[in-house]
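The primary structure of each chain is shown beneath.
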Amino acid sequence: MKIMLVEDDLVIAQSLATALNKWQYETIVTENFEDILGEFKRHNPQLILMDLNLPNYNGYFWTQEIRKLSQVPIIFISSVGEPVDMVMAIQMGADDYITKPIDMQVTVSKIQALLRRTYTFSMEVDTNTYQLAGATLDTNKAKVTFNQSEVSLTFTELQILLVLFQAKGDYVAREKILDFCWQNDQFIDDNTLAVNMTRIRKKLRQISLDNFIQTKKNYGYRIKVEPS
């Protein structure tokens, strides 16, 4: 697996590269911070570690640019550990978030969990498309289509929607969604699910799927299958 390190602190970048190389990961340390998108296209990594504070444009900007092309897993790195920053990172397309000073054991665990979820999941899904309430979920292309319009999904968004599509209109408890999406990853909490759900709803509104996902207070979510 190839991991791209977008970190302008050379000491941190080299420490990460050394640690990840010991786990048999191939690492690319970004040097051109004016064209991170170009670096991404050239190297085609399976995961990105993205620093928040970068020269020229910050990690939020580059994550949004990459998301226009790819749903590759992205983990944010930041010296700021405030909840609002973590929420912003997820809203911008990140899959996870780690804070400085970097705990290498935690970082490697997060990377392993995200890679396992992303690439094992893609092999295990035995059905390519799911249809419900006029919408189609394509797990191979990671997109939702409705009335000839479509939106792309991150890996986490795809997993969440897969659980809901498979439930066929029944409510799914938050705990079940968390278990499915973040198995054996103790660093994920209910707030992460809520932020991802907000992001999913925003995307669905872009293709006229307003109120497509309903919430049952203190329980979970479902796809509305009944006509309005």
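Model, not experiment: these values are computed from the prediction.

Novice: For this particular structure, what's the right way to read the environment of G38?
Specialist: Mapped onto the secondary structure, G38 falls in helix 2 (residues 36-43). In this structure G38 comes out as buried when scored by relative accessible area, which is 11%. Taking the C-alpha atoms as reference points, G38 and A17, separated by 21 residues in sequence, lie 20 Å from one another.

Novice: Teacher, can you tell me more about the pairing of strand 11 (residues 213-216) here?
Specialist: Along any regular strand the residues' side chains alternate between the sheet's two faces. In the sheet, strand 11 pairs with strand 12 (residues 220-223) via 4 bridges, with the strands oriented antiparallel. Residue pairing in the sheet places I213 in a bridge with I223 of strand 12.

Novice: Teacher, can you tell me more about the side chain of S78 here?
Specialist: Among the secondary structure elements, S78 is positioned in strand 4 (residues 74-78). Looking at S78, its side chain comes within polar contact range of the side chain of Y97, at 3.3 Å. With residues up to four places along the chain from it excluded, the contact list for S78 reads D51, L52, Y97, I98, T99 and K100.

Novice: What's the story with the pattern of salt bridges in this structure? I'm lost.
Specialist: Side chains that differ in sign of charge can pair as their charged atoms come close. Taken as a whole, this structure holds 9 salt bridges when the rule is applied. With a closest N to O distance of 3.4 Å, D51 and K100 form a salt bridge. One end of the pair, D51, is in strand 3 (residues 47-51); the other, K100, is in the loop between strand 5 (96-99) and helix 5 (104-124), and 49 residues separate them in sequence. The class for K100 is partly exposed, based on a relative accessible area of 23%. Where D95 meets R67, a salt bridge forms, and the shortest distance between an N and an O atom there is 3.1 Å. Here D95 is found in the loop between helix 4 (83-91) and strand 5, whereas its partner R67 is found in helix 3 (residues 59-67), with 28 residues between them in sequence. Considered together, D95 and R67 belong to a single accessibility category, that of buried residues. Several salt bridges share partner residues, and in doing so they unite E7, D51 and K100 into one network.

Novice: Would you mind showing me how to read the packing of helix 6 (residues 155-167) against helix 8 (residues 190-205) here?
Specialist: Helix packing geometry: the angle between the two helix axes and the distance between the axes. One can describe the packing of helix 6 onto helix 8 by two numbers: an axis separation of 10 Å at closest approach and a directional angle of 85°. Judged by the inter-axis angle, helix 6 sits roughly perpendicular to helix 8. Across from T156, E157, I160, L161 and L164 in helix 6, the residues of helix 8 making contact are L193, N196, M197, R199, I200 and K203. Of the residues belonging to the contact of helix 6 with helix 8, the class tally is 6 nonpolar, 2 polar and 3 charged.

Novice: How should unusual backbone geometry be read in this particular structure?
Specialist: Residues apart from glycine generally show negative phi values, whereas peptide bonds are mostly found in trans. Here the residue pair K100 and P101 is connected by a cis peptide bond, since its omega of -5° sits within 30 degrees of zero. Positioned with a positive phi, N56 is a non-glycine residue whose angle comes to about 70°. Relative to the helices and strands, N56 resides in the loop between strand 3 and helix 3. For N56, a relative accessible area of 55% translates into the label exposed. You will see that N211, though not glycine, has its phi angle at about 55°, which is positive. Looking at where N211 falls in the secondary structure, it is placed in the loop between helix 8 and strand 11.

Novice: Honestly, helix 1 (residues 10-22) in this entry has me stumped. Any pointers?
Specialist: Owing to its 3.6 residues per turn, the α-helix aligns residues three or four sequence positions apart on the same side. The first and last C-alpha atoms of helix 1 sit 18 Å apart over 13 residues, in line with the 18 Å expected at 1.5 Å per residue. Within helix 1 the residues assigned to the buried category are A13, L16, A17, A19 and L20. For helix 1, the N-terminal cap is D9; the gap from its side-chain oxygen to the backbone nitrogen of V11 is 3.1 Å. Phi turns positive one or two residues past the end of helix 1, at Q24, with a value near 70°.

About the criteria used
- Each chain has its residues counted from 1, following the order in which its sequence is written.
- Residue-level local features of this predicted model are given only where pLDDT is at least 70; pairs of side-chain atoms are given and counted only at 80 or more, and the full residue set underlies all totals for whole chains, interfaces and linings.
- Think of the side-chain values as coming from all heavy atoms in the structure, minus any hydrogens and water.
- For helices the rule is a DSSP run of H or I covering at least 4 residues; for strands it is a run of E covering at least 2, with both sets numbered from the N terminus onward.
- A 1.4 Å probe rolled over the protein chains alone gives each residue an accessible area, and that area as a share of the maximum for its type sets the label: buried under 20%, exposed over 50%, partly exposed in between.
- Whether two strands pair comes down to DSSP finding at least two bridges between them.
- Any pair of N or O atoms that falls within 3.5 Å is considered a polar contact. Within protein, one atom must be able to donate a hydrogen and the other to accept it, and sequence-neighbouring residues count only if both atoms are side-chain atoms.
- We call two residues contacting when some pair of their heavy atoms lies within 4.5 Å.
- A pairing counts as a salt bridge when a side-chain nitrogen of Lys or Arg comes within 4 Å of a carboxyl oxygen of Asp or Glu.
- Each axis is a line fitted through C-alpha atoms, taken for helices only over the stretch in contact, and angles between the N-to-C directions span 0 to 180 degrees.
- Should an angle fall under 35 degrees it is taken as roughly parallel, and over 145 as roughly antiparallel, whereas 65 to 115 is taken as roughly perpendicular and any remaining angle as oblique.
- Think of it as three bins: nonpolar holds Ala, Val, Leu, Ile, Met, Phe, Trp, Tyr, Cys and Pro, charged holds Asp, Glu, Lys and Arg, and polar takes everything else, Gly as well.
- Here, expected helix span is obtained from the residue count minus one, scaled by 1.5 Å.

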